[in-house]
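Each chain, written out:
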Amino acid sequence: MFGYIIVNKQEMKFREYDCYQSYYCGLCQNLKERYGRSGQITLSYDMTFIILLLTSLYEPETEQDCCKCIAHPLEAHSTRQNQFTDYAADMNVLLSYYKCLDDWTDEKKFSRRAAAGFLKKKNDRISEKYPEKAEKIYTLLEQIRLYEKAGERNIDLASGCFGEIMGEIFAYRQDEWEAELRRMGFFLGKFIYLMDAYEDMEKDAKSGNYNVFLYKREEYPDEESFEKGAYTILNMMMAECSRAFEKLPIIENVEILRNILYSGVWCRYEFVQKKKEKKDA
């Protein structure tokens, strides 16, 4: 369920994209320095969004630097890191560890079992640092697995659990902004879960894996009606997420964040639509 909270690069100014990329590269360096290569390969754009969001809301002191890496071996590129980079890196490793375990349980992929093994000690340290968050995330992921195993048809249950996970991650601290951050994370999490299911419908139909949208499609008389219904559901999730976002007193990086929420998250949806159109042509 990673890779949905991305920017729409075509609609960004160069300086905005450079700023966004510097936080992404900062997260990459942070993962490498604190968790090694096994931590670095868990890197995702999703957590870059959380860094940008929390940085823009709380405005911490941010360190800027330059570095070279495997992806950019010849030219140094800028990085930005602050306390939220550490936090996002921790949450990224935590989620990646549980995702590897889930993949091993469901699909018996030895590569995922091995990846979980590499991340276990790192996960244990993070769980000691954030015991309440780790316990809640683990419990909710287990509930998702039970819903999926039972073939739950209610579209809000499993997606709601993932929404609660994201809400827990967004709520960095208990303060005046906690409620809106949780609400924002909740609906964005539901969108991610449902968008992932929507994208995997054809694959899951062939493999027999659980997919709540396959059940949802049975409620519609034809494919066109289903597509409209699926879009409406996804759009409702992002509308609620964006409504919570707009209540936060964010000025710095607001255009980057809006690019992601109003455009970037729909890039994968548009990609799926183009694949379907090409297949039907």
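In what follows, the accompanying structure is described. (Residues numbered from 1 in each chain as written. Predicted model: local features only at pLDDT ≥ 70, side-chain atom pairs only at ≥ 80, totals over all residues. Heavy atoms only, no water.)

### Structural notes on the overall build of the protein
Part 1 of the argument: Within the protein, the regular secondary structure consists of 12 helices and 2 strands.
Part 2 of the argument: Listed N to C, the secondary structure of the protein is α-α-β-β-α-α-α-α-α-α-α-α-α-α in terms of helices and strands.
Part 3 of the argument: Projected onto the principal axes, the alpha-carbon positions of the protein cover approximately 55 × 45 × 40 Å.
Part 4 of the argument: Within the protein, the proportion of its 281 residues that are buried is 51%.
Part 5 of the argument: Long-range pairs, those at least 24 residues apart, make up 70% of the contacts in the protein between residues at least 6 apart in sequence.
Part 6 of the argument: Accessible surface, the protein as shown: approximately 14600 Å² in total, 50% of it carbon and sulfur.
Part 7 of the argument: For the protein, the centre of its 41 positive side-chain charges and the centre of its 48 negative side-chain charges are spaced 4 Å apart. (Helix = DSSP H or I, 4+ residues; strand = E, 2+ residues; numbered from the N terminus. Buried < 20%, exposed > 50% of the residue type's maximum accessible area, 1.4 Å probe, protein only. Contact = heavy atoms within 4.5 Å. Areas by Shrake-Rupley, 256 points an atom, 1.4 Å probe, with all protein chains shown as cover. Lys, Arg positive; Asp, Glu negative; His and termini not counted. Charge placed at Lys NZ, Arg CZ, Asp CG, Glu CD.)

### Examining the pattern of salt bridges
Part 1 of the argument: Considering all chains together, one arrives at 20 salt bridges under this definition.
Part 2 of the argument: Taking the shortest distance from any N to any O, the salt bridge between Glu178 and Arg182 comes out at 2.9 Å. Here Arg182 and Glu178 lie together in helix α7 (residues 178–199), a separation of 4 residues that amounts to about one turn.
Part 3 of the argument: Its salt-bridge partner being Glu199, residue Arg268 comes within 2.9 Å of it at the nearest N-O pair. Of this pair, Arg268 sits in helix α12 (residues 267–280) while Glu199 sits in helix α7; the two residues are 69 residues apart in sequence, bridging distant segments of the chain. (Salt bridge = Lys/Arg side-chain N within 4 Å of Asp/Glu carboxyl O.)

### Notes on the packing of aromatic side chains
Part 1 of the argument: The full count for this structure, using the stated rule, is 18 aromatic pairs.
Part 2 of the argument: Ring plane angle 40° and centroid distance 6.2 Å describe the contact between Phe49 and Phe170, whose orientation is recorded as tilted. Taken as a pair, Phe49 in helix α2 (residues 45–58) and Phe170 in helix α6 (residues 157–170) lie far apart in primary sequence, 121 residues in all. Exposure class is identical for Phe49 and Phe170. Each is buried.
Part 3 of the argument: Geometrically, the ring pair formed by Tyr87 and Tyr130 is edge-to-face, given 5.7 Å between the ring centres and 70° between the ring planes. (Phe/Tyr/Trp six-rings, centres within 6.5 Å; stacked < 30°, edge-to-face > 60°.)

### Focus: the packing of α2 against α6
Part 1 of the argument: At their nearest, the axes of α2 and α6 sit 11 Å apart, and the two run at 45° to each other. Considering their axes alone, α2 and α6 lie oblique with respect to each other. Contact with α2, carried on its side by Met47, Phe49, Ile50, Leu53 and Leu54, involves Met166, Ile169 and Phe170 of α6 and no other residues of that element.
Part 2 of the argument: When the residues that make up the contact of α2 with α6 are grouped by side-chain class, the tally is 8 nonpolar, no polar and no charged. (Axes fitted to C-alpha atoms, helices over the stretch in contact; angles between N-to-C directions. Parallel < 35°, antiparallel > 145°, perpendicular 65-115°, else oblique. Nonpolar A, V, L, I, M, F, W, Y, C, P; charged D, E, K, R; others polar.)

### Looking at α2
Working note: α-helix, 3.6 residues per turn, so residues spaced by three or four point in the same direction.
Part 1 of the argument: The end-to-end C-alpha distance of α2, which contains 14 residues, comes to 20 Å, matching closely the 20 Å that a straight helix rising 1.5 Å per residue would cover.
Part 2 of the argument: Of all the 14 residues making up α2, 13 are buried; the element is thus mostly covered by neighbouring parts of the structure.
Part 3 of the argument: Immediately beyond the C-terminal end of α2, within one or two residues, lies Glu59, with a positive phi of roughly 50°. (Expected span 1.5 Å × (residues − 1).)

### What about the environment of Glu16?
Part 1 of the argument: Mapped onto the elements, Glu16 comes out in helix α1 (residues 14–40).
Part 2 of the argument: Judged by relative accessible area, Glu16 falls into the buried class, the value being 11%.
Part 3 of the argument: Taking the C-alpha atoms as reference, Glu16 lies 7.8 Å from Asn253; in sequence the two are 237 residues apart.
Part 4 of the argument: Every residue in contact with Glu16, bar those within four places of it in the chain, is listed here: Glu255 and Ile256.

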